[in-house]
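One-letter residues, chain by chain:
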Amino acid sequence: MTSFFPASLIAPQNPVVRYILQVFHRDPFRGLYHPNAFDLAILIPYFTILIILSVYGVHRYYLTYLYLKNSRKLPKPRETFERLPRVTVQLPMYNERYVVERLLEAATHIDYPRELLEIQVLDDSNDETQVVCSRLVSEYARAGHAISYHHRGHREGFKAGALAEGLKAATGEFIAIFDADFVPPPSVIREMIHYFTDPEVAVVQGRWTWLNRHYSNLTEVEAILLDGHFVIEHGARNFSGRFFNFNGTAGMWRRAAIEDAGGWQHDTLTEDTDLSYRAQLRGWKFIYDPRVECPSELPVEMNAFKAQQARWAKGLIQTGSKLLPAIWRSPQLRSIKLEATFHLTANIAYPLMVLFAVILLPAIIVRFYQGWFQMLYLDLPLFLASTCSVSTFYLVAQRELYPRAWRRRLKYMPLVMAVGIGLSLKNSKVVVEALLGKKSEFVRTPKYRVEGRADHWERKKYLNRAGWLPAAELGLAVYFLFNIAYSFTIENYLTTPFLMLFFMGYSYTGAMSLLQTPLRRMWTALPAPARVRARAVSPAT
């Protein structure tokens, strides 16, 4: 005991030393006690949620392991076509005034024999996009392109309905699909088509790349999030023989596979994932080739990004509710069924995260007074499993894509994790709606043809409304600011980094949702020399 006498003297003046002594130089079981009813009411949901989130975190580690184990198994076509088949390119759109010219120009420059390439413009627009699109199609048709314009006077079935309607008139044996925010490169059809020499292949999916990755901190975060999906998730699932999904664009279908699987259906918001799983349950093969790259435009505005993520989150839960019973009744391997379950239910983490956020303060109080030993050996491993797996997942993807420059993206990791938390409130709302069977409209992601920092969007059409959720997000940010202050008061330093992530996430998404557009308008109203000087001091975010 005498060896600790000097430390005990300086402990009251040094909180770090006192903290270490509390954790390591006391009887670790002295803080144990019999919890009361209030403690149990907090601790049971606290540990239940933390364990579930940890399971999904461990699954992210497992996907990373699967990818690294199988990353060399890149696909290659069985052979090449002696005579190229006929291909139909479908371009679905709805109110895409700013990007339609870019899309049609790229589509008409695809390097494929003109007599074997048909382009369908599937336009459900109800604004001036109709006029612009119809005029452009007429001009390209007069120039010798096999391009046709299809306009519906309704949006029944949304994108799935437009694709199904276009399929009735399509003449191609294979159907390539590109959304309005994509710029298909000239070689894209030739890079995909030869995989279909295998008659069991239904889909070839390419990898999305980014026209405006460096536009802002938000687009950098979005690119990292989607890189993780296309590198780790797709690579791990496809290269290891598990099910994965067509992403709705930048890919090509065998028409016979679409029809055999039951066609495009619009009872979910992710018609692409729905059809993908139905086709794979029918025995069709899917190919993912990350070397087939297709540039696209990332959402530059927070509300647009949140709407996109919410649509995907709700759609996956809807698809899981629809297809998981059939998946588990199928003769597929258990590993395939488990992976499909993790994939289609992953967004259940969002409402759990919100509930976890609400009960975190009372849980901190209860756990603190139960003793540091328990927090160190029970809570910390669960926190690490549920949170550190996120940064590991995305960093491995960046290292695979940019082996020489991936370290530059380390600085974005805290923001990546924080944004994931910040999205939880809106995504929780739509996930609960999906679980309750509540239908909603297909909310498109607006595109503004923003490719560099000099491009503007803040005064263009199609801006999403913020609604009431940003106020709730900012309220949660204030709540976590109080949590951080309280954790310092009780010297609970272990939880502070995690509390900071919650504070950053909710404050960033809430503030950006409310203030990004008016601040951008104020910025662009400044004289050009003033903007140049300000950008030199603080780069655009």
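Residues numbered from 1 in each chain as written. Predicted model: local features only at pLDDT ≥ 70, side-chain atom pairs only at ≥ 80, totals over all residues. Heavy atoms only, no water.

Undergrad: Tell me about unusual backbone geometry, and name the residues and values.
TA: We note that Ala250 has phi near 60°; this positive angle belongs to a residue other than glycine. By the secondary structure assignment, Ala250 is in the loop between helix H8 (217–239) and strand S6 (251–254). Ala250 sits in the buried class, given a relative accessible area of 0%. Here the phi dihedral of Tyr462 falls at roughly 80°; this positive angle occurs in a residue that is not glycine. (Helix = DSSP H or I, 4+ residues; strand = E, 2+ residues; numbered from the N terminus. Buried < 20%, exposed > 50% of the residue type's maximum accessible area, 1.4 Å probe, protein only.)

Undergrad: Go over the sheet that holds S6 with me, naming the residues and quoting the values.
TA: Strands sit in the order S3-S2-S1-S4-S6-S5-S7 across an open sheet of 7 strands; the sheet is mixed. In this open sheet, the two edge strands, each paired with only one partner strand, are strand S3 (147–151) and strand S7 (285–296). Within this sheet the neighbouring strands show an average axis-to-axis angle of 20°, counted without direction. In the sheet, strand S4 (residues 174–177) pairs with S6 via 4 bridges, with the strands oriented antiparallel. Within S6, the residue paired with Ile175 across the bridge is Trp253. Those strands touched by helix H6 (residues 158–169) are strand S1 (87–93), strand S2 (117–123), S3 and S4, and its axis lies near 140° from that of S2. (Pairing = 2+ DSSP bridges. Axes fitted to C-alpha atoms, helices over the stretch in contact; angles between N-to-C directions. Contact = heavy atoms within 4.5 Å.)

Undergrad: Explain the nonpolar core to me, and be specific about the residues and the numbers.
TA: Grouped burial of nonpolar side chains is what soluble globular proteins tend to show. Among the nonpolar cores identified, the biggest contains 131 residues, and Tyr46, Val87, Val89, Leu91, Leu104 and Trp253 are the most heavily contacted of them. Take this core: its biggest share by element is 13 residues, from helix H13 (residues 349–370). If near-sequence neighbours (up to four positions away) are discounted, Val89 is found in contact with Ile110, Leu117, Glu118, Ile119, Gln120, Ala176, Phe178 and Ile189. Within the second largest apolar cluster, 9 residues are counted, among which are Tyr277, Ile336, Ala340 and Leu344. (Core = buried A, V, L, I, M, F, W, Y, C linked by side-chain atoms within 4.5 Å.)

Undergrad: An account of helix H17 (residues 469–489) is needed here, citing residue identities and associated values.
TA: Here H17 spans 30 Å end to end across 21 residues, near enough to the 30 Å set by a 1.5 Å rise per residue. Regarding H17, the residues found buried are Leu469, Pro470, Glu473, Leu476, Ala477, Phe480, Asn483, Ile484, Tyr486 and Ser487. Count one or two residues on from H17 and you reach Glu491, which has phi positive near 60°. (Expected span 1.5 Å × (residues − 1).)

Undergrad: Just give me the short version of the packing of helix H3 (residues 37–70) against H8, but keep the residues and values in it.
TA: Direction vectors running N to C along H3 and H8 enclose 65°, while the axes themselves pass 8 Å from each other. The element H3 and its partner H8 pack so that their crossing is left-handed. Here H3 contributes His59, Leu63, Thr64, Leu66, Tyr67 and Asn70 to the contact with H8, which in turn contributes Val231, Ile232, Glu233, Gly235, Ala236, Arg237 and Phe239. Residues belonging to the contact of H3 with H8 are distributed by class as follows: 7 nonpolar, 4 polar and 2 charged. (Left-handed = near helix turned anticlockwise from the far one by under 90°. Nonpolar A, V, L, I, M, F, W, Y, C, P; charged D, E, K, R; others polar.)

Undergrad: Mind laying out the pattern of salt bridges, listing which residues take part and the relevant values?
TA: For the structure on display, the rule yields 34 salt bridges. Measuring nitrogen to oxygen at the nearest pair gives 2.7 Å for the salt bridge that ties Arg207 to Glu293. In this pair, Arg207 sits in strand S5 (residues 201–210) while Glu293 sits in strand S7, placing the two residues 86 residues apart along the sequence. A residue is classified by how much of its surface remains accessible, and Arg207, at 9% relative accessible area, is buried. Ionic contacts of the salt-bridge type, sharing partners, join the residues Arg78, Asp198, Glu200 and Lys285 into one network. (Salt bridge = Lys/Arg side-chain N within 4 Å of Asp/Glu carboxyl O.)

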